[in-house]
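# Residue-level structure breakdown
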Amino acid sequence: MYFLSDLEHKLLINKLLPTAREVGVSSELRGWNWHTPPLKPFYENVKLPMYTVCSKYCPTGRDVYLSFVEGVRGALNFKIALGKILHGVVSDYLQAFIQHRNLSFDSWVEKIRWSEIPAKPEDVLPPARKVWNYLAKLCEARYVEIEARQPYASEQDLIASTVPFLIEHKISGELLGLSGLLSIDCYDYLHAIMFDLKVGGEPKEWHRLAPVGYALVFESVHEVPIDICCIVYLNMIDDRIVLKKDLFFASDELRNWWIEERDRKLEIVAEGRDPGKPSRSECPNDCMYYDVCYG
Ligand code: SF4
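To keep things clear, this report deals only with the structure shown in the data block. A quick note: this is a predicted structure, and the numbers were derived from the prediction, not measured.

## Some details on the overall build of the protein chain
Along the protein chain, the regular secondary structure elements total 10 helices and 5 strands. Relative to the compact-globule value of 19 Å for 295 residues, the protein chain shows a C-alpha radius of gyration of 20 Å, a close match. Evaluated residue by residue, the protein chain yields a buried proportion of 31% over its 295 residues. Contacts in the protein chain between residues at least 24 apart in sequence constitute 72% of all its contacts with a sequence separation of at least 6.

## What about the environment of Lys198?
Positionally, Lys198 belongs in strand S3 (residues 193-199). Along the sequence, Lys198 and Asn235 sit 37 residues apart, while their C-alpha atoms lie 8.6 Å from each other.

## Re the sheet that holds strand S1 (residues 165-171)
Paired through their backbone hydrogen bonds, the strands of a sheet run either parallel or antiparallel. One open sheet holds the 5 strands; their spatial order is S1-S2-S3-S4-S5, and the pairing between them is mixed. Only two strands of the sheet have a single partner each, and these edge strands are S1 and strand S5 (240-249). On average, each strand axis in the sheet is inclined to that of its neighbour by 30 degrees, with strand direction left out of account. The sheet contact formed by strand S4 (residues 228-237) and S5 spans 10 bridges and is antiparallel. Residue Cys230 lies in a different strand from S5, and its bridge partner there is Leu247. Taken strand by strand, helix H8 (residues 209-222) contacts S1, strand S2 (182-188), S3 and S4, and its axis lies near 145 degrees from that of S3.

## Comments concerning unusual backbone geometry
Between Pro37 and Pro38 the backbone carries a cis peptide bond, its omega angle lying at 5 degrees. Within the secondary structure layout, Pro38 lies in the loop between helix H1 (6-23) and helix H2 (50-54). At Glu168, a residue that is not glycine, the phi angle is positive and equals roughly 50 degrees. Inspection of the secondary structure puts Glu168 in strand S1. Of note, Ala192 is a non-glycine position whose phi angle comes to about 55 degrees, a positive value. You can see Ala192 is positioned in the loop between S2 and S3. Using a count of 15 C-beta atoms within 10 Å as the deciding quantity, one classes Ala192 as partly exposed.

## Regarding the site of the ligand
Around the ligand, the surrounding shell consists of Cys58, Arg62, Asp63, Lys277, Cys283, Cys287, Tyr289, Tyr290 and Cys293. Residue assignment for the shell around the ligand shows that the elements contributing at least two residues are helix H3 (62-68) and helix H10 (290-294). Taken together, the residues that form the shell around the ligand break down as 6 nonpolar, no polar and 3 charged.

## Considerations on the pairing of S4
As paired strands, S3 and S4 are joined by 7 bridges and run parallel to one another. Bridge pairing in S4 places Phe195 opposite Cys230. If you look at the hairpin formed by S4 and S5, you'll find 2 residues sitting between the two strands, and Asp238 has a positive phi there, around 50 degrees.

## Comments concerning the nonpolar core
Core analysis: the largest hydrophobic core is formed by 61 residues, its most contacted members being Leu86, Val90, Met194, Phe195 and Ala215. Once residues within four sequence positions are removed from consideration, Leu86 is found in contact with Pro127, Ala128, Val131, Val199 and Leu234.

## Some thoughts on the packing of H8 against helix H9 (residues 252-271)
Between two packed helices, both the angle of their axes relative to each other and the distance between the axes serve to describe the pair. Contact geometry of H8 with H9 gives a least axis separation of 9 Å together with a crossing angle of 90 degrees. With respect to H9, the element H8 is oriented roughly perpendicular. In this structure, H8 contributes Leu209, Val212, Gly213 and Leu216 to the contact, and H9 contributes Leu254, Arg255, Trp257, Trp258 and Glu261. For the contact of H8 with H9, a count of residues per class yields 6 nonpolar, 1 polar and 2 charged.

## Looking at the environment of Asn33
Its location among the elements puts Asn33 in the loop between H1 and H2. Taking the C-alpha atoms as reference points, Asn33 and Glu223, separated by 190 residues in sequence, lie 9.3 Å from one another. Here Asn33 is in contact with Ser27, Glu28 and Leu39, once residues within four sequence places are set aside.

## Some points on the environment of Ala192
Separated by 69 residues in the primary sequence, Ala192 and Asp123 place their C-alpha atoms 36 Å from one another. Ignoring any residue separated from it by four or fewer positions in sequence, one finds Ala192 in contact with Ile226 and Ile228.

## Quick look at the packing of helix H4 (residues 78-98) against helix H6 (residues 121-149)
Two elements in contact, H4 and H6, have axes whose closest approach is 10 Å; the angle formed by their N-to-C orientations is 25 degrees. In terms of axis orientation, H4 runs roughly parallel to H6. You can see that H4 and H6 cross each other, and the crossing is right-handed. Residues Ala81, Leu82, Ile85, Leu86, Val89, Val90, Tyr93, Leu94 and Phe97 of H4 form the contact with H6, whose own contacting residues are Val124, Pro127, Ala128, Val131, Trp132, Leu135 and Cys139. Considering only residue class, the contact of H4 with H6 consists of 16 nonpolar, no polar and no charged.

Conventions we followed
The residue count restarts for each chain, going from 1 along the sequence in the order it is written. At least 70 in pLDDT is required for a residue's local features to be given in this predicted model, at least 80 for side-chain atom pairs to be given and counted, and no such filter applies to totals for whole chains, interfaces and linings, which use all residues. Comment: elements are numbered from the N terminus, with helices defined as DSSP H or I runs of at least four residues and strands as E runs of at least two. Values of the radius of gyration come from C-alpha atoms, whereas the globule rule sets the reference at 2.2 Å times the count of residues to the power 0.38. Whether a residue is buried, exposed or partly exposed is read from the other C-beta atoms within 10 Å of its own C-beta, which are placed from the backbone; 20 or more gives buried, 12 or fewer gives exposed, and intermediate counts give partly exposed. Two residues form a contact once the distance between their C-beta atoms, set from the backbone, is within 7 Å. In this description, strands pair whenever DSSP reports at least two bridges between them. To obtain an axis, a line is fitted to C-alpha atoms, over the contacting stretch when the element is a helix, and the angle between two such axes runs from 0 to 180 degrees between their N-to-C directions. For each residue, a C-beta atom is placed from the backbone, and the residue is labelled near a molecule or strand when this atom is within 6 Å of it. When residue character is reported, Ala, Val, Leu, Ile, Met, Phe, Trp, Tyr, Cys and Pro are called nonpolar, Asp, Glu, Lys and Arg charged, and the others, Gly included, polar. A set of buried Ala, Val, Leu, Ile, Met, Phe, Trp, Tyr and Cys residues, joined through C-beta atoms within 7 Å, is what we mean by a nonpolar core. In what follows, roughly perpendicular refers to angles from 65 to 115 degrees, roughly parallel to angles under 35, roughly antiparallel to angles over 145, and oblique to any angle outside these ranges. Note: crossing handedness is left-handed where the near helix turns anticlockwise from the far helix by less than a right angle, and right-handed where it turns clockwise.

Right under this line is the structure:
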């Protein structure tokens, strides 16, 4: 899932890293400069989750107003249910592998709280099992390949080389005006790449905001630079797993865009200002708040 292919590796080595070294990132846009403008949040009493800052699903940000000012709960749908289940499969499988814990798919399923998943088990479990098996094959193949190259490495070493990932790493985004309880999908600490997993849907430019935001938060807390981000798009097409990756340099332009979005969303909540609706044709039909806005 978070493993780079040969081509992606070439892109990283021959294009993205040289660009990051040559162009660089302005020092005021490194997360560790959270205490000075432009990173310093203007509204200190409001803290938002990362998805709220980064989502441009609603063109005007009215979803943020409805959720955080009006306290309206959106209607969950199948897309959200599948996203939750597949995110859970990926993170729980990888965490069990990293901790060298025996966890079967069936025992994982027993722990699902179905009251929180707005879908029938028979609709979401077949793709979940597919993703589970895919990860198992991939991790085991990588493990035995590395073991054959490093016969004197300990088991712990081999696992760390196979999956050099922090999965669902808990981190506070408070220095940047975000929630104190953020969770990072994956950070590859050998290659310093911030990953974000997206289930379903086609790539959009604004999807880059989330991993850039997590890179900024990581920089603000741990004071290490993160120049490269990657979005992993996981789709199921005709029962097949389809993976696409968007690997990119976390440039000044993207960092500035993230700051603009953060400031705009913080202002909506701090001022309690309804940003209004866009024209109806711009609203996605499956928006969680469609019935609230147009019901
Ligand atoms: S229905 Fe439209 S205006 Fe309302 S929250 Fe959704 S996208 Fe925004």
